[in-house]
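# Notes for the structure review
The primary structure of each chain is shown beneath.
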There are 2 protein chains.
Amino acid sequence: MTQPTACVLIIGNEILSGKTQDTNLQFLGFELAKLGIRLEEARVVRDIPDAIVKALNECRAKYTYVFTTGGIGPTHDDITIECVAQAFGVPLELNETIVEMMKRSGRPINEARLKMARIPRGAALVENSASLPGFRIDNVFVFAGIPSIMRAMFVGAVPMLFKGTPILSASVDAYLREGDFAQALEELQRRHPDVEIGSYPFNRDGKLGAALVVRGTDRALLGRVIDEIVAIITALGGETKRS
Amino acid sequence: MTQPTACVLIIGNEILSGKTQDTNLQFLGFELAKLGIRLEEARVVRDIPDAIVKALNECRAKYTYVFTTGGIGPTHDDITIECVAQAFGVPLELNETIVEMMKRSGRPINEARLKMARIPRGAALVENSASLPGFRIDNVFVFAGIPSIMRAMFVGAVPMLFKGTPILSASVDAYLREGDFAQALEELQRRHPDVEIGSYPFNRDGKLGAALVVRGTDRALLGRVIDEIVAIITALGGETKRS
């Protein structure tokens, strides 16, 4: 079975200026793996129409899904929705469901707020427990940038996604320098092409080592590869700690 | 004066799988702004040669500088250096300065470690206080993924960069909903095309509001725009707090 793929398109000057630390990418990568959807790429672009439209059109042609975050509020720097419409070549249309939700909120409906009720023709709402809906158009999901709202929108979108075989991971910490075990690890990776072995060095309280992570869809195989890693590190004189 | 531009290329499955929270992008965005270099884009790609080479070639043609992070260690999943060489169409060459540094470390030199001493022909070392050097080739800087080492490499690279006019920012917190002030803020942005005004909503202990951030190169102008924002929010009945 082919796994669905995904790209995250993070929209917002605040991420590139260093003002805001993005945390949505990590959340989406983690959750998509559980659904068997492989996150292949992420891009961060500024609030510039051409940059957004071009990145969106490139990515939606390339991956099963694109998830955008950010830029769907009422202020002048929120331009994601109109850029999505432009990328698909469709007009924006006032969505009565969203207008009704706004009315129920009791806050005054003004031109700025109505901007959030205009979505591209053909889009389906992604209702959620946290805010006004996000939406899906074709293979593109348009989410908020605020993490709590983005997460609620993702939960709302899950039933709309084709799933793959969940991508599992197992890991063990090895207290050796990477240069000491790199060759043996490469041989191990060669013997197990169906898993992906990653080595992520760390320095914990002055103790150098690496987290060795095995990813794949077969839980039993992950366990066997971890056992082999433990044997390799132990034979090289290193301690290991299963995590 | 035209400001130099930059792109950050984050290389590593661990960022896309959700295993690791990237923090290098925020650091680079913040530091580059201080140097007057505008970070225009970031991409995160997996440890796949084609993906890395293609992204690197696209981005280095488009921006003044590209900074890559990750994938320069000794293990099999560290493939950034060979991909950079491939993108530039140059061979890897053993760098004697790095070999000497390795010898001085006292650790055994093996094939895996020597991988870290082979850099693309024509590259210049970026020496630093934390580790073996990173390197620069043409407009591309190749840095480690471990944040402490990446930061040290950036410090080593600063003297090699063309600077622009520092991009400054000022901000004020407004305790109103974005929909209440969006129209007035848009008019303000229109009157001040030389600054970039961003609105970033927050919910702090149940109090809703937005951080209003003004960015530009003229400190006096930033101050005047912040004053105007305070006047706007106050006239709409909202509290403000300078930050």
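Conventions used here
Residues numbered from 1 in each chain as written. Chains lettered and ligands numbered in written order. Predicted model: local features only at pLDDT ≥ 70, side-chain atom pairs only at ≥ 80, totals over all residues. Helix = DSSP H or I, 4+ residues; strand = E, 2+ residues; numbered from the N terminus. Buried ≥ 20, exposed ≤ 12 C-beta atoms within 10 Å, placed from the backbone. Contact = placed C-beta atoms within 7 Å. Axes fitted to C-alpha atoms, helices over the stretch in contact; angles between N-to-C directions. Parallel < 35°, antiparallel > 145°, perpendicular 65-115°, else oblique. Left-handed = near helix turned anticlockwise from the far one by under 90°. Nonpolar A, V, L, I, M, F, W, Y, C, P; charged D, E, K, R; others polar. Core = buried A, V, L, I, M, F, W, Y, C linked by C-beta atoms within 7 Å. Least-squares fit on C-alpha atoms with pLDDT ≥ 70 in both. Pairing = 2+ DSSP bridges.

So, about the overall build of chain A. Scanning chain A from N- to C-terminus turns up 9 helices and 12 strands. In terms of principal-axis extent, the alpha carbons of chain A reach across some 70 × 40 × 35 Å. Within chain A, buried positions represent 46% of all 243 residues. Across chain A, contacts joining residues at least 24 apart in sequence account for 68% of those joining residues at least 6 apart.

Once that is clear, we can look at the packing of helix 2 (residues 24-34) of chain B against helix 7 (residues 147-157) of chain B. Residues and elements named next belong to chain B. Where helix 2 meets helix 7, the closest approach of the two axes is 10 Å, and the angle between their N-to-C directions is 20°. For the element pair helix 2 / helix 7, the angle class is roughly parallel. The way helix 2 lies across helix 7 gives a crossing that is right-handed. Taken together, the residues of helix 7 that come into contact with helix 2 (itself represented by Asn24, Phe27, Leu28 and Glu31) are Pro147, Met150, Arg151 and Phe154. Tallied by class, residues from the contact of helix 2 with helix 7 come to 5 nonpolar, 1 polar and 2 charged.

As a further point, take the nonpolar core. Among the nonpolar cores identified, the biggest contains 100 residues, and Val8, Leu9 and Leu56 of chain A together with Val8, Leu9 and Leu56 of chain B are the most heavily contacted of them. Setting aside chain neighbours within four positions, we find Val8 of chain A in contact with Leu25, Leu28, Leu39, Ala42, Phe67 and Thr69 of chain A.

Glancing now at the relation of the copies chain B and chain A. Under the fitted operation, chain B is carried onto chain A by 0.0 Å of movement along the axis and a turn of 180°, and the coordinates agree to an RMSD of 0.0 Å. These values place the two chain copies in the arrangement generated by a two-fold rotation axis. The C-alpha atom lying nearest the rotation axis in chain B is that of Arg43 of chain B; the distance is 2.2 Å. A share of 100% of the interface residues of chain B reappears at the interface of chain A, consistent with the copies meeting face to face through the same patch.

What follows concerns the interface of chain B and chain A. Of the residues lining the interface, 47 residues belong to chain B; the matching set on chain A comes to 48 residues. Both strand 2 (residues 38-45) of chain A and strand 2 (residues 38-45) of chain B contribute to a ladder of 5 bridges, which runs antiparallel. Along strand 2 of chain B, the bridge assignment pairs Val44 of chain A with Ala42 of chain B.

Time to look at the sheet that holds strand 10 (residues 196-204) of chain B. Residue and element names in this part refer to chain B. Taken together, 4 strands build an open sheet; the order of strands is 10-11-9-12 and the sheet is antiparallel. Either end of the sheet is taken by a strand with one partner, and the two such strands are strand 10 and strand 12 (239-242). Each strand axis lies, on average, 25° off the axis of its neighbour in the sheet, ignoring direction. As paired strands, strand 10 and strand 11 (residues 207-216) are joined by 9 bridges and run antiparallel to one another. Paired with Arg204 across the bridge in strand 11 is Lys207. With respect to the sheet, helix 8 (residues 178-191) is in contact with strand 9 (168-175), strand 10 and strand 11, its orientation differing from that of strand 10 by roughly 165°. Across the sheet, helix 9 (residues 219-235) is in contact with strand 9, strand 11 and strand 12; its angle to strand 9 comes to roughly 10°.

The side chains of a regular strand alternate, first on one face of the sheet and then on the other. Residues and elements named next belong to chain B. Of the pairings in the sheet, the one linking strand 6 (residues 124-126) to strand 7 (residues 134-137) comprises 3 bridges and is antiparallel in character. When the bridges of strand 7 are listed, Ala124 appears paired with Arg136. Bridge count between strand 7 and strand 8 (residues 140-143): 3 bridges; the pairing is antiparallel. For Ile137, the partnering residue across the bridge sits in strand 8 and is Val140.

Attention now moves to unusual backbone geometry. A positive phi is found at Asp138 of chain A, a non-glycine position, where the angle reads about 55°. Within the element layout of this structure, Asp138 of chain A appears in the loop between strand 7 (134-137) and strand 8 (140-143). Accessibility expressed as a C-beta count within 10 Å gives 16 for Asp138 of chain A, which makes it partly exposed. Phi is positive for Asp205 of chain B, which is not a glycine, with a value near 50°. Mapped onto the fold, Asp205 of chain B is located in the loop between strand 10 and strand 11.

Next up on the list: the environment of Leu125 of chain A. Residue and element names in this part refer to chain A. Counting through the fold element by element, Leu125 comes out in strand 6 (residues 124-126). We classify Leu125 as partly exposed; it has 16 C-beta atoms within 10 Å. In this structure the C-alpha to C-alpha distance between Leu125 and Val142, which are 17 residues apart in sequence, comes to 9.6 Å.

No statement about biological role is implied by the geometric values presented.
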